[in-house]
Amino acid sequence: MRQELLSLPKGLAEEVSKNLVMVARLIDEDPEQAYAYSRIALRLASRVAAVREAAGFAAYATQKYSEALAEFRAAKRMTGSVELWPVMADCERGLGRPERALAMAGEPEVQKLDKAGQVEMRLVAAGARRDQGQLEAAIVTLQSPELASSAVQPWTARLRYAYADALLAAGREDEAREWFGKALEADKDGATDASDRLAELDGVEFVDAATDLSDDDEVENEDLAEDDRDEDDEDIDEDDDEDPAEVAAAERATDVAEYYDEDDEEYESPEQSAADADVRGDKA
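Parameters at a glance
Residues numbered from 1 in each chain as written. Predicted model: local features only at pLDDT ≥ 70, side-chain atom pairs only at ≥ 80, totals over all residues. Heavy atoms only, no water. Core = buried A, V, L, I, M, F, W, Y, C linked by side-chain atoms within 4.5 Å. Buried < 20%, exposed > 50% of the residue type's maximum accessible area, 1.4 Å probe, protein only. Contact = heavy atoms within 4.5 Å. Axes fitted to C-alpha atoms, helices over the stretch in contact; angles between N-to-C directions. Helix = DSSP H or I, 4+ residues; strand = E, 2+ residues; numbered from the N terminus. Parallel < 35°, antiparallel > 145°, perpendicular 65-115°, else oblique. Left-handed = near helix turned anticlockwise from the far one by under 90°. Nonpolar A, V, L, I, M, F, W, Y, C, P; charged D, E, K, R; others polar. Phe/Tyr/Trp six-rings, centres within 6.5 Å; stacked < 30°, edge-to-face > 60°. pLDDT = per-residue confidence, 0-100.

With respect to the nonpolar core
And then number 1: Grouped together as the largest cluster of nonpolar side chains are 27 residues, with contacts concentrated most on F72, W85, M88 and M121.
And then number 2: In this structure, M88 is in contact with L69, F72, R73, K76 and M104, ignoring residues within four places of it in sequence.
And then number 3: Core analysis: the second largest hydrophobic core is formed by 21 residues, A126, F180, A194 and L201 among them.

Written out as structure tokens, the structure reads:
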């Protein structure tokens, strides 16, 4: 790509390069934004093959298959390379034309692909068979020396996963479980959800511990609140049973205790005050 950009004026090459970097950075996490950057690069340098290829992948990531196919074809014409042949065939699938994808799988271009490209083409062809409802044919398509090999290659996990998924779709659950397990063994980068598929087959259900704990806490808090309400009700009932005269006397005693200190010389206890009141009453 760097060599291709050298054909552009320096300032333009830098601007195009910046946009292509953003496409590569965002295409997985934000494909729509990556697509926007690819359109800028395409507007600036549509005659650069690397730009057409990047624009194709950005369109492909946003499922704009017709646009992606056009960009891939343009890049192929510019470079003469067949490297994009499998993804071009997959665009045909995306456009609802699995028969064209299968036709491309039988073209001479496939023989010019490297091993990774040939495996990718096999995956696309198997997908096209499934699009046509030919599950057994899809299974047979995936059966290959690469699938049988115990060596782990960059494509191994995806190939095994596709095979397991086809087996499951055909109702061969035991075999599917075995191959999902093999896919998981080869999937060091987490490129597939083989572990989730295995758990699903085994009937394992994952529960969010934080959510579950919050629910338990909420129930416990509700129970505590109910207990508090019950205690408050009991206190109210007890208060209702008290003699009003006794309550008034207790309140007077409390008022005296609040405003006088026993260490104060002028302090007079409630009992003394009551006795003095009786004496004054007798004298009167």
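With respect to the packing of helix α11 (residues 156–169) against helix α12 (residues 173–186)
And then number 1: At a minimum axis distance of 8 Å, the contact between α11 and α12 shows a crossing angle of 165 degrees. The angle between the axes of α11 and α12 places the two elements in the roughly antiparallel class. Helix-helix and strand crossings are classified by hand; for α11 and α12 the assignment is left-handed. Along the contact surface, α11 presents T156, A157, R160, Y161, Y163, A164, D165, L167 and L168, while α12 presents E173, E175, A176, W179, F180, K182, A183 and A186.
And then number 2: Of the residues belonging to the contact of α11 with α12, the class tally is 11 nonpolar, one polar and five charged.

Looking at the packing of aromatic side chains
And then number 1: Evaluated as defined, the whole model comprises four aromatic pairs.
And then number 2: Ring centres of Y161 and F180 lie 5.4 Å apart, and the angle between their planes is 65 degrees; this geometry places the pair in the edge-to-face category. Taken together, the residues Y161 in helix α11 and F180 in helix α12 connect sequence positions 19 residues apart. Pair check on accessibility: Y161 and F180 agree, each one buried.
And then number 3: Geometrically, the ring pair formed by Y163 and W179 is edge-to-face, given 5.1 Å between the ring centres and 90 degrees between the ring planes. With Y163 in helix α11 and W179 in helix α12, this pair connects stretches of sequence that are 16 residues apart.
And then number 4: Among the residues examined, Y163 registers a relative accessible area of 6% and is labelled buried.

A look at the environment of D187
And then number 1: Inspection of the secondary structure assignment puts D187 in the loop between α12 and α13 (194–201).
And then number 2: On the accessibility criterion, D187 (11% relative accessible area) is buried.
And then number 3: Taking the C-alpha atoms as reference, D187 lies 9.4 Å from Y161; in sequence the two are 26 residues apart.

Details of α13
And then number 1: Among the residues making up α13, those that are buried are A194, R197, L198, A199 and L201.
And then number 2: Of the residues flanking the end of α13, it is G203, one or two places downstream, whose phi is positive at about 75 degrees.

Things to note about the confidence of the model for the chain
And then number 1: Mean pLDDT for the chain: 83, with 71% of residues reaching 70 or above.
And then number 2: A low-confidence stretch, residues 252–271 (pLDDT under 50), is modelled with eight contacts involving residues beyond four sequence positions or located in other chains.
And then number 3: Contacts for the low-pLDDT stretch residues 277–284, under 50 throughout, to residues beyond four places or in other chains number zero contacts.

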